[in-house]
Amino acid sequence: MSGRDVDVVVIGAGQAGLSAGYFLHRAGFAPETGYVLLDGGAGPGGAWRERWPTLRLSGVHGIHDLPGMALGPADPDRPAAEVVAGYFAAYEREFGLPVHRPVNVRSVHDRPDGRLDVRTDAGTWTTRALANATGTWRHPFWPVYPGQNTFAGRQLHTADYRGPAEFAGRRVVVVGGGTSAVQLLAEVAAVAAATRWVTRRPPVFAERFGQEQGRAAVARVEERVRVGLPPGSVVSVTGLPWTPQLRRMHETGVLRRFPVFDRIVPEGVVWADGDSFAADVILWCTGFRAVLNHLAPLRLRAPGGGIPMDGTRVVVDERIHLLGYGPSASTIGANRAGRTAVREIRRLLDRVSAGSVADG
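Anyway, here's the lowdown on the structure attached to this text.

Conventions used here
Residues numbered from 1 in each chain as written. Predicted model: local features only at pLDDT ≥ 70, side-chain atom pairs only at ≥ 80, totals over all residues. Heavy atoms only, no water. Helix = DSSP H or I, 4+ residues; strand = E, 2+ residues; numbered from the N terminus. Buried < 20%, exposed > 50% of the residue type's maximum accessible area, 1.4 Å probe, protein only. Contact = heavy atoms within 4.5 Å. Areas by Shrake-Rupley, 256 points an atom, 1.4 Å probe, with all protein chains shown as cover. Core = buried A, V, L, I, M, F, W, Y, C linked by side-chain atoms within 4.5 Å. Axes fitted to C-alpha atoms, helices over the stretch in contact; angles between N-to-C directions. Parallel < 35°, antiparallel > 145°, perpendicular 65-115°, else oblique. Left-handed = near helix turned anticlockwise from the far one by under 90°. Nonpolar A, V, L, I, M, F, W, Y, C, P; charged D, E, K, R; others polar. Phe/Tyr/Trp six-rings, centres within 6.5 Å; stacked < 30°, edge-to-face > 60°. Lys NZ or Arg CZ within 6 Å of the ring centre and 35° of its normal. Pairing = 2+ DSSP bridges. Right-handed = clockwise from strand over helix to strand, strands pointing away. Expected span 1.5 Å × (residues − 1).

1. What to know about the overall build of the chain
Turning to step 1, where the next piece is worked out: Counting its secondary structure elements, the chain contains 7 helices and 19 strands.
Turning to step 2, where the next piece is worked out: Among the 360 residues that make up the chain, the fraction classed as buried is 47%.
Turning to step 3, where the next piece is worked out: When contacts within the chain are restricted to residue pairs at least 6 apart in sequence, those whose partners lie at least 24 apart make up 68%.
Turning to step 4, where the next piece is worked out: As displayed, the chain has an accessible area near 17000 Å², and 50% of this comes from carbon and sulfur atoms.

This is how it looks when you write it as structure tokens:
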């Protein structure tokens, strides 16, 4: 498959990508010629299909329905990865979305005629507009600390985690202050010989998180991306909600937080005051970064390290929309982003077409 010409390419078929596909379908874009979705996964589900098997549906904050088709009743004890993958697969079938997979996008380039070349391991698609919905799962963030390469034990990231069984009887350091960190800490602590939870900053626990707090959090992230700064983590603007699980962890002492260590040694981690913790495993729950390297040839980044945005639209290139990035990095935000992006893309393409006719 090479040399495909389409109006819109959507990169990614997770929540944001499928939302964009739905609204493109609704707007009258024809499958394959009007739009395609290019997805790097082996099957439907986006990043959800990669979640650890012990993450049950009841353990996630909530999966917002995709537009036009509800998830419906689901067994809360089923693995979230299975439930969401099945839901996304049914959604793709229901609306006949033209998803090509596995297709890995390598780079996106400008063309002299004003279109874009989307170069992949399955050939090149040429497009008039691009909706990027690549998420973060394939770009885990690993911080660097002195002595890290001397550690004699095992180091792994949230993205590598497959369940607590392999930590039985081990001494484990869990690094990170986000939701995944405390979820994995709870699982590991149930089987490990000992755990120690460390974070760079003292965690902020939220007694409640309603619509007002949600709007304020989105506004803070939106302000960052508008001026070209990286979005930052969700927890940095929302805090950790006091769930029943967290309260139990607090009562049993599992949730006792330590400041992050100063260095790593072969046998564990050490703090500046001389405190140390002998460890067999360091579990880095340190988050993810947006998967955007394929857009590097377009030079979209600002000096602050982020990509300046106006809603979903990239400020310096109106052909390109980022979905699931910044304020739309949530399931409900991704849905709204898909609708907004398609509306603006439709206007852009209509305007360009009208200009071409007038010039002719």
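On we go from here.
2. Structural notes on the nonpolar core
Soluble globular proteins: nonpolar side chains tend toward being buried together.
Turning to step 1, where the next piece is worked out: Residues V8, L18, L37, L97, V172, L283 and L323 are the most contacted members of the largest nonpolar core, which totals 59 residues.
Turning to step 2, where the next piece is worked out: Residues L38, V103, L322 and Y325 belong to the second largest nonpolar core, which totals 24 residues.

3. Quick notes on the packing of helix α1 (residues 15-26) against helix α2 (residues 80-94)
Helix packing for two helices is described by the angle between their axes and how far apart those axes are.
Turning to step 1, where the next piece is worked out: Between α1 and α2, the shortest axis-to-axis distance is 11 Å and the interhelical angle comes to 15°. Our classification of the angle between α1 and α2 gives roughly parallel. Helix-helix and strand crossings are classified by hand; for α1 and α2 the assignment is left-handed. Counted together, Q15, L18 and Y22 of α1 and F88, Y91 and E92 of α2 form the full contact between these two elements.
Turning to step 2, where the next piece is worked out: Class assignment of the residues belonging to the contact of α1 with α2 gives a composition of 4 nonpolar, 1 polar and 1 charged.

4. Considerations on the packing of aromatic side chains
Turning to step 1, where the next piece is worked out: Evaluated as defined, the whole model comprises 14 aromatic pairs.
Turning to step 2, where the next piece is worked out: Arranged with centres 5.8 Å apart and planes meeting at 85°, the rings of W52 and Y161 form a pair that is edge-to-face. Of this pair, W52 sits in the loop between β2 (35-38) and α2 while Y161 sits in the loop between β7 (154-157) and β8 (171-175), and the two are 109 residues apart along the sequence. Exposure class is identical for W52 and Y161. Each is buried.
Turning to step 3, where the next piece is worked out: Ring plane angle 20° and centroid distance 4.8 Å describe the contact between W137 and F288, whose orientation is recorded as stacked. Taken together, the residues W137 in the loop between β6 (123-132) and β7 and F288 in the loop between β16 (281-284) and β17 (309-310) connect sequence positions 151 residues apart.
Turning to step 4, where the next piece is worked out: Taken together, the ring pairs connect Y22, F23, Y87, F88, Y91 and F95 into an aromatic cluster.
Turning to step 5, where the next piece is worked out: Between R51 and the ring centre of W48, over which it is positioned, the NZ or CZ distance is 5.0 Å.

5. A word on the sheet that holds strand β14 (residues 268-270)
Turning to step 1, where the next piece is worked out: Ordered by their spatial adjacency, 3 strands build an open sheet running β13-β14-β15, and the pairing between neighbours is antiparallel. Pairing within the sheet leaves two strands with one partner each, and these edge strands are β13 (263-265) and β15 (276-278). Between one strand and the next, the sheet's axes are offset by a mean angle of 20°, whatever the strand orientation.
Turning to step 2, where the next piece is worked out: When β14 meets β15, the two strands line up antiparallel, connected through 3 bridges. When the bridges of β15 are listed, V269 appears paired with F277.

6. Here we look at the pairing of β8
Turning to step 1, where the next piece is worked out: Of all 5 residues that make up β8, 4 are buried, and the element is covered over most of its length.
Turning to step 2, where the next piece is worked out: As for the winding sense of the linkage, the β-α-β connection from β8 through helix α3 (residues 179-189) to strand β9 (residues 194-199) is right-handed.
Turning to step 3, where the next piece is worked out: Where β8 meets β16, 4 bridges bridge the pair, whose relative direction is parallel. Residue pairing for β16: V175 is matched across the bridge by W284.

7. Remarks on α2
Turning to step 1, where the next piece is worked out: Look at α2: 21 Å from first C-alpha to last across 15 residues, which is about the 21 Å you get at 1.5 Å a residue.
Turning to step 2, where the next piece is worked out: Taken together, the buried positions of α2 are occupied by A80, A81, V83, V84, A85, Y87, F88, A89, Y91 and E92.
Turning to step 3, where the next piece is worked out: Tucked inside the fold, the buried residues of α2 contact α1 and β3 (99-100).
Turning to step 4, where the next piece is worked out: Phi turns positive, to about 60°, at G96, one or two residues after α2.

Read these as spatial facts, not as claims about activity.
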